[in-house]
Amino acid sequence: MSNVELVANRYGKHRVRLMKVTRHPHGNEVFEWTVQVLLKGDFETVHTLGDNSKVLATDTMKNTVYSVARTSKASTPEVYATELVDFILSRNPQVSSANVNIEAHLWKRLRVDGKDHPDTFMRGSAEVQTTHVERGRDGVLHVTSGLSGLNLLKTANSAFAGFLRDSLTTLPDTQDRVFGTVVQAEWVYSDTNIDFDAVRATTRETLLKTFANHVSLSVQQTLYQMAEDAINAVPAISEIEIAMPNKHCLLIDLSRFGQDNPNEIFVPTDEPHGYIEARIRRK
Ligand SMILES: O=c1[nH]c(=O)c2[nH]c(=O)[nH]c2[nH]1
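Parameters and conventions
Residues numbered from 1 in each chain as written. Predicted model: local features only at pLDDT ≥ 70, side-chain atom pairs only at ≥ 80, totals over all residues. Heavy atoms only, no water. Near = heavy atom within 4 Å. Polar contact = N/O pair within 3.5 Å; in protein donor to acceptor, adjacent residues only side chain to side chain. Areas by Shrake-Rupley, 256 points an atom, 1.4 Å probe, with all protein chains shown as cover. Nonpolar A, V, L, I, M, F, W, Y, C, P; charged D, E, K, R; others polar. UniProt positions renumbered as here; feature names shortened; annotations may be inferred. Buried < 20%, exposed > 50% of the residue type's maximum accessible area, 1.4 Å probe, protein only. Contact = heavy atoms within 4.5 Å. Pairing = 2+ DSSP bridges. Helix = DSSP H or I, 4+ residues; strand = E, 2+ residues; numbered from the N terminus. Axes fitted to C-alpha atoms, helices over the stretch in contact; angles between N-to-C directions. Core = buried A, V, L, I, M, F, W, Y, C linked by side-chain atoms within 4.5 Å. Domains from an automatic or database assignment.

Undergrad: Please clarify how the site of the ligand should be interpreted in this entry.
TA: F160, L171, R177, S218, V219, Q220 and N246 make up every residue found near the ligand. V219 places a main-chain nitrogen or oxygen 2.7 Å from an oxygen atom of the ligand. N246 has a polar side-chain atom sitting 3.3 Å from a nitrogen atom of the ligand. Compared with its free state, where it exposes 290 Å², the ligand has 71% of that area covered by protein. Split into classes, the residues belonging to the shell around the ligand amount to three nonpolar, three polar and one charged.

Written out as structure tokens, the structure is:
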């Protein structure tokens, strides 16, 4: 008789890298996706008895990623992830829920001689599109999408003043600082019957516009405003979580060299950095 019990488990394949090129007469399209598959289900005896009879091998999951990509017509990671989830559920009654997470790496069509090139691309930026898709046996599809690695910089309209001062506070108030961040955002869809590309574009544009136009009293306030504006701009979003590190740009003291520094010369720093995150939802 064992004195322990299995409380929870899931397993799958991580970091399956996939590139898909779709070929058209007018030019090719390219998707680069890093895929994660995670399954929950009737796997107790795998752990307790070493009975592998119901185990879908993670190697098979890797092959499934490629095979479903071949037959899929999806042009968004959300739709492809849903197809992958449903394919696995349909063939594996022992699986109670399937979860597929995708990071999409962005390739930008190269412009040559002022024109879009039909088949050549360059890596646009460090920005990554993300999606998490899960379906259980109740049939309900859960889709969360987002972005990460979106480097942004405000060079005006950012203040930080009036904060708590104690015996260890050295930071001066500032009415005018450089605000650098790398946005990570994840939004939950309340409706999954949507044009994921169009909704993603609107959400991203809204986040960018608010970051640019906001007269910021803190990272916290700007983050909240970005979230509020995204929820108001996109009816299909019920909740959004945003994380924004504060990548401090430190003003250099040039008075030692007899020079002034009217907010022009900074040293950009990576570490340590402030880290602000919040989850905001529609009431
Ligand atoms: O926008 C900011 N929020 C903070 O909480 C904080 N803390 C800090 O040192 N600088 C900043 N900036």
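The rest of the description comes next.
Undergrad: Where do I start with the UniProt feature "binding site: O2" (unreviewed entry) in the chain in this structure?
TA: UniProt's entry tags N246 with the feature "binding site: O2" (unreviewed entry), counted in the numbering of this structure. A relative accessible area of 9% places N246 in the buried class. Among all residues touching N246, those that are not within four sequence positions of it are R177, G180, V219, H273, G274 and Y275.

Undergrad: Could you clarify how one ought to interpret the sheet that holds strand β3 (residues 95-112) in this entry?
TA: For sheets, the rule is that strands pair by backbone hydrogen bonds, running either parallel or antiparallel. What the eight strands build is an open sheet, ordered β1-β2-β3-β4-β5-β6-β7-β10; its pairing is antiparallel. For this open sheet the edge positions go to β1 (11-22) and β10 (274-281), each flanked by a neighbour on one side alone. Pairwise comparison of adjacent strand axes, ignoring direction, gives a mean angle of 20 degrees for this sheet. Bridge count between β3 and strand β4 (residues 115-136): 14 bridges; the pairing is antiparallel. Note on β4: the bridge partner recorded for N99 is E134. Contacts from helix α4 (residues 196-213) reach β4, β5 (141-154), β6 (179-189) and β7 (237-246) within the one sheet, and its direction differs from that of β5 by about 35 degrees.

Undergrad: Honestly, unusual backbone geometry in this entry has me stumped. Any pointers?
TA: Leaving glycine aside, a negative phi is the common case for residues, and trans is the common case for peptide bonds. With an omega of -10 degrees, the peptide bond between E271 and P272 qualifies as cis. Relative to the assigned elements, P272 resides in the loop between β9 (266-268) and β10. The phi torsion at R15 lies on the positive side, around 55 degrees, for a residue other than glycine. As for its position among the elements, R15 is in strand β1. Backbone geometry at N263 places phi at a positive 65 degrees, although glycine is not the residue there. By the element assignment, N263 lies in the loop between β8 (249-251) and β9. On the basis of relative accessible area, N263 is assigned to the partly exposed category, the value being 27%.

Undergrad: Whenever I open this one, the nonpolar core confuses me. Can you help?
TA: Within soluble globular proteins, side chains that are nonpolar tend to cluster in buried spots. If you look at the biggest cluster of nonpolar residues, it comprises 55 residues, and the most contacted ones within it are V35, Y80 and I242. Counting the residues that make up this core, at least three belong to each of domain 1 (11-139) and domain 2 (150-281). Setting aside chain neighbours within four positions, we find I242 in contact with V183, Q184, A185, L207, L223, M226, A227, I276, E277 and A278.

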